[in-house]
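# Descriptive analysis of the structure
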Amino acid sequence: MIGLISATAAGAAARDRLAAAWPDRTRVYEGPVADSVRAAFAECEQLVCFLATGAVVRLVAPLLGDKRTDPGVVCVDEGGRFAVSLVGGHGGDANELADEVAELLGAQPVVTTATDAVGLPGLDTLGFPVEGDVAAVSRALLDGEPVALKAESAWPLPALKVTDEGAYTVRLTDRLVEPAEREAVLRPPSLVVGVGASKGAPVAEILELINSSLEGLSVHSVAQLATVDAKSEEPGIVEAAERLGVPLVTYSAAELAAVEVPNPSAAPLAAVGTPSVAEASALRDGGELLVPKRKSAMATCAVVRRPARGRLAVVGLGPGARDLLTPRAKAELRRASVLVGLDQYVDQIRDLLRPGTRVLESGLGAEEERARTAVAEAREGHAVALIGSGDAGVYAMASPALAEAGDDIEVVGVPGVTAALAAGAILGAPLGHDHVSISLSDLHTPWEIIERRVRAAAEADIVVTFYNPRSRGRDWQLPKALAILAGHREPTTPIGVVRNASRPDEAARVTTLKELDPATVDMMTVVTVGNTATRNIAGRMVTPRGYRWQEDPK
């Protein structure tokens, strides 16, 4: 929850804008400001104070305890010009909150955390618990001193300026090691703890068994507790997961019975229908059995180290304009240590990459090679971003990449604004009713199939957006497709032609099926053909949501 505190009418107006935009995330505190700050500091994960920074500093200073647990505090000035990350930039996510508040209020975010200021990821923002001399290692990274990465498994990290050897060290391990001097230890989410328990097993006993089973291993690397469905509501198991701060994952008895384990038993088979609960649930998704089944009076436990999984984010960059690049896409670009993409798309977003990001770019016609490269890099344990224009799932890189990827890597799709949507917004509302997108490129699809699809859209009276309509080597497909549509639509049917939608040299016009000259169209153009209800109204294409929108459809 985010506590909102203000002292003046101007501050209250900005406060109320946040409250209205985030009704489920915020709580407004009324009354004396000092009392409100104290209450919100104790009750909320974050605070936004619409006060002078000096006043907020004096109010929160006596309340500060530990930067790892204190709430993040953002300060917004009376004029609503700046959103300042004041306290808890990383630990309290105040830096991210400052960006969100600034975007909503039209303000400028102010973030002074050293790593964020120079584009480096903070060691405490990587998503892994971190221990040791974090400040010293962070300073070394900032100062460009050699910092060695010692990773015992290939969990994906953002771009870090690390080397094989150095006076400072970032160690990635789930082993229970004491951080050395000048060393920061990251704990990957590599351990799965399988748990079985008799009815009424106390949580203290379950936790004691788990902790004793984790000998030599860090509890901070436990990613989840796993058990059989029949125990999904067993109070001791549920509370153990809550106290460890990890999800409880359950499987059916049939699923667990199919898992080969070293220590099956007749007791769980009779009780819940599987010869193993602890070992089978821990091993359900693969991995190395580090600790075979151990038993206490009322519980069983096993520990598995799951294999490291690289991460592939397939990112749609939108049609080209920076303000149509989504915040989620920007975040994935910052998270990646490896970027794979077409050279001209890489140039669009190169400035958003973190220092040290490895860029693998290639030219036109190498889509499948880029997909294979991105998947191979992810399988090496890297955090990879594979970029495409528009939406990566629409005539772009998602299809070839997912055809290569297996379940051995994590795959994340990041949607983008498609060319059809960007062109539609420029033209008016041509996609107001049913519509279809068809690529006229027959490089990968036989023309017979493309023609059949165009004919089906024509007969069904569906608005059609043509991608890849014409190139120097393919100059007859668009006239052929338009001729098919002309057999079912009037010559006056509106057609929208948009070239380089949202880019500086954008050009758009609305013409008709009869008047369009295909020679004016190229590969950078999107052509949208209306249906029989589409009209040109004040120079804009409008397709009504229904066919009974006016008495005289002409």
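Coordinates for the structure precede this section.
Rules of the game
- Residues numbered from 1 in each chain as written.
- Predicted model: local features only at pLDDT ≥ 70, side-chain atom pairs only at ≥ 80, totals over all residues.
- Heavy atoms only, no water.
- Helix = DSSP H or I, 4+ residues; strand = E, 2+ residues; numbered from the N terminus.
- Buried < 20%, exposed > 50% of the residue type's maximum accessible area, 1.4 Å probe, protein only.
- Areas by Shrake-Rupley, 256 points an atom, 1.4 Å probe, with all protein chains shown as cover.
- Lys, Arg positive; Asp, Glu negative; His and termini not counted.
- Charge placed at Lys NZ, Arg CZ, Asp CG, Glu CD.
- Arc of directions from axis to C-beta.
- Contact = heavy atoms within 4.5 Å.
- Pairing = 2+ DSSP bridges.
- Axes fitted to C-alpha atoms, helices over the stretch in contact; angles between N-to-C directions.
- 1 Å grid on protein atoms, 1.4 Å probe; cavity = no way out; pocket = protein on both sides within 12 Å on 5 of 7 lines; lining within 4 Å.
- Points joined across faces, edges and corners; volume = space filled by probe spheres on them.
- Nonpolar A, V, L, I, M, F, W, Y, C, P; charged D, E, K, R; others polar.

With that out of the way, let us pick up the overall build of the protein. Summing up its helical and strand segments, the protein has 18 helices and 28 strands in all. Taken along the three principal axes of its C-alpha coordinates, the protein extends 80 × 65 × 55 Å. Relative to its full complement of 554 residues, the protein shows a buried share of 47%. Total accessible area on the protein is roughly 26100 Å²; 51% of this is exposed by carbon and sulfur atoms. Taken as two groups, the 55 positive and 72 negative side-chain charges of the protein have centres that lie 3 Å from each other.

For helix α8 (residues 235-244), every residue scored as buried is listed here: Gly236, Ile237, Ala240 and Ala241. For α8, the angular spread of the buried residues around the axis is 135°, confining them to a single face. Residues of α8 that are exposed and angled more than 90 degrees away from the buried face: Pro235, Glu242 and Arg243. Among the structural elements, β11 (191-197), α7 (203-213), β12 (222-228) and β13 (248-251) are those in contact with the buried residues of α8. After α8 finishes, the residue Gly245 shows a positive phi value of roughly 70°.

Moving on, we get to the sheet that holds strand β4 (residues 72-76). Taking strand neighbours across the sheet as the criterion, the 6 strands line up as β2-β1-β3-β4-β5-β6 in an open arrangement whose pairing is mixed. Each having just a single partner strand, β2 (26-29) and β6 (108-110) make up the two edges of the open sheet. Neighbour-to-neighbour, the strand axes of this sheet turn through a mean angle of 25°, independent of strand direction. In the sheet, strand β3 (residues 46-50) pairs with β4 via 4 bridges, with the strands oriented parallel. In the sheet register, Leu47 faces β4, and the bridge partner there is Val73. Most of the contacts of helix α1 (residues 9-21) go to strand β1 (residues 2-6), to which it runs at about 160°, and overall it touches β1, β2 and β3. Running at roughly 175° to β1, helix α2 (residues 33-43) makes contact with β1, β2, β3 and β4 of the sheet.

For the structure on display, the rule yields 1 cavity of 30 Å³ or more. Computed from the structure, the largest cavity encloses a volume of approximately 40 Å³. Lining the largest cavity are Arg311, Ala313, Glu332, Arg335, Ala336, Ala383, Val384 and Ala385. Counting residues per element, the ones that place at least two in the lining of the largest cavity are β16 (311-316), α12 (327-335) and β19 (383-388). Broken down by element, the lining of the largest cavity gets its largest block of residues, 3 residues, from β19. Looking at the lining of the largest cavity residue by residue, the classes come out as 5 nonpolar, no polar and 3 charged.

Right, let's get into the environment of Val340. Position of Val340 relative to the elements: it lies in strand β17 (residues 338-342). Between the alpha carbons of Val340 and Pro158 there is a distance of 14 Å; along the sequence they are 182 residues apart.

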